[in-house]
Amino acid sequence: MKQSEEFEWCEFNNLADSYINQSNEAKQRTGVSRYYYGTFCTTRDFLNENDIFLNEKSKKTMHSKRSDVHGETSKIFRKHERFRKNNIGKTISKELDKLRKMRNEADYDKITSDSLNKMMLKSKIKSERVLQLLDELN
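Per chain, the residues get numbers from 1 upward, laid out in the order the sequence is written. The model is predicted, so local features are restricted to residues of pLDDT at least 70 and side-chain atom pairs to those at 80 or more, both for listing and for counting; the totals for chains, interfaces and linings are taken over all residues. Each side-chain value is worked out from all heavy atoms of the structure, with water and hydrogens disregarded.

### Focus: the layout of surface pockets
We count it as follows: A cavity here means a set of points on a 1 Å grid, drawn over the protein atoms and nothing else, where a 1.4 Å probe fits but cannot get out; a pocket is an open set with protein on both sides within 12 Å along at least five of seven lines, and a residue lines either one if it has an atom within 4 Å of a point. Grid points are joined across faces, edges and corners, and a volume is the space filled by probe spheres set on the points. Each helix is a run of H or I in the DSSP string that is no shorter than four residues. Each strand is a run of E no shorter than two, and both are numbered from the N terminus.
Approximately 320 Å³ is the volume attributed to the largest pocket. Forming the walls of the largest pocket are 13 residues, and the residues nearest its centre are Glu8, Trp9, Thr42, Asp45 and Glu49. Elements supplying a minimum of two residues to the lining of the largest pocket: α2 (25-49) and α6 (116-137). Ranked by the residues each element gives to the lining of the largest pocket, the list is headed by α2, at four residues. In this structure, the second largest pocket spans a volume of roughly 230 Å³. Lining the second largest pocket are Phe40, Arg44, Asp45, Asn48, Met62, His63, Ser64, Lys65, Arg66, Ser67, Val69 and His70.

Below you can see the structure in the form of structure tokens.
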């Protein structure tokens, strides 16, 4: 089996974009989920590639495949001194948390609190905001 090239997480966002304004519920739910994962994986990789952690335990969590990595990613952006300028870290953390909440709802709840079309649009906006802020940090 041939090793694949490094995956670009933004492809998840592109897939989600293709589901905007579609009436298929499965595609809408998938879109919400992909916006989260495209954004989360990009932010997680940013931290790992730049060796930005709160401590050794944080580093270990960030290099694991456990579900704790989701919360740890948000926590690092919220608490690390590098991201305090202009509250960029706090904004990234809040938007990631909101994206994750919508993803959980889309993935696990039979009935969502908002229309899936609205959730997709909100997810897109929040995802774009996080990725824009991440670009500013580079």
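There's plenty left to go through after this.
### A few points about the packing of aromatic side chains
The following threshold applies: Think of it this way: a Phe, Tyr or Trp ring, Trp meaning its six-membered ring, pairs with another when their centres are within 6.5 Å, and the plane angle makes it stacked under 30 degrees, edge-to-face over 60, tilted otherwise. Exposure is judged per residue with a 1.4 Å probe applied to protein chains only, and the accessible area is read against the type maximum: over 50% gives exposed, under 20% gives buried, and values in between give partly exposed. Each ring is checked for a lysine NZ or an arginine CZ that lies within 6 Å of its centre and within 35 degrees of its normal; such an atom marks a charge sitting over the ring.
Taken as a whole and assessed by the stated rule, the structure comprises nine aromatic pairs. Relative to Phe40, the ring of Tyr37 has its centre 6.5 Å away and its plane inclined at 80°; by these criteria the two rings are edge-to-face. Of this pair, Tyr37 and Phe40 are both found in helix α2, three residues apart, which corresponds to roughly one turn of the helix. Overall, Phe40 belongs to the buried group, its relative accessible area being 3%. Cluster of aromatic residues (ring-pair linked, three or more members): Phe7, Trp9 and Phe12. Note that Arg34 overlies the ring of Phe12, its terminal NZ or CZ placed 4.5 Å from the centroid.

### Regarding the nonpolar core
For clarity, the cut-off: In plain words, nonpolar cores are sets of buried Ala, Val, Leu, Ile, Met, Phe, Trp, Tyr and Cys residues tied together by side-chain atoms within 4.5 Å. Residues are treated as being in contact if the distance between any of their heavy atoms lies within 4.5 Å.
Of all hydrophobic cores here, the largest spans 32 residues; its most connected members are Phe46, Leu47, Ile76, Phe77, Phe83, Ile92 and Leu137. Every element with two or more residues in this core is listed here: α1 (10-18), α2, α4 (68-79), α5 (88-108) and α6. If one sorts the elements of this core by residue count, α2 sits on top with eight residues. Residues in contact with Ile92, not counting those within four places in the same chain, are Thr43, Phe77, Val130, Leu133, Leu134 and Leu137.

### So, the pattern of salt bridges
We apply this condition: Salt-bridge detection follows one rule: a side-chain nitrogen of Lys or Arg within 4 Å of a carboxyl oxygen of Asp or Glu.
Scanning the model with the defined rule gives eight salt bridges in all. Note that Glu128 and Lys124 form a salt bridge whose closest N and O atoms lie 2.9 Å from each other. Here Lys124 and Glu128 lie together in helix α6, a separation of four residues that amounts to about one turn. Judged by its relative accessible area of 44%, Glu128 is partly exposed. Connected through salt bridges with shared partners, the residues Asp17, Lys124 and Glu128 form a single ionic network.

### Quick notes on the packing of α1 against α2
Which entries qualify depends on this criterion: Axes here mean lines fitted to C-alpha atoms, for a helix over just the part in contact, with angles spanning 0 to 180 degrees between N-to-C directions. Each angle receives one of four descriptions, namely roughly parallel if under 35 degrees, roughly antiparallel if over 145, roughly perpendicular if within 65 to 115, and oblique otherwise. Here a crossing is taken to be left-handed if its near helix is turned anticlockwise relative to the far helix by less than a right angle, and right-handed if that turn runs clockwise.
Between α1 and α2, whose axes approach to 7 Å, the crossing angle comes to 160°. As the angle between them shows, α1 and α2 are arranged roughly antiparallel. Here α1 and α2 pass one another in a crossing that is left-handed. In this structure, α1 uses Phe12, Asn13, Leu15, Ala16 and Asp17 to contact α2, whose residues at the interface are Gly31, Arg34, Tyr35, Tyr37, Gly38 and Thr39.

### Let's talk about the environment of Thr61
The residue Thr61 is located in helix α3 (residues 56-62) in this model. Classification of Thr61 by relative accessible area gives buried; the value is 9%. In this structure, the C-alpha to C-alpha distance between Thr61 and Arg82, residues 21 residues apart in sequence, is 19 Å. Excluding its chain neighbours within four sequence positions, the residues that come into contact with Thr61 are Asp68, Val69 and Glu72.

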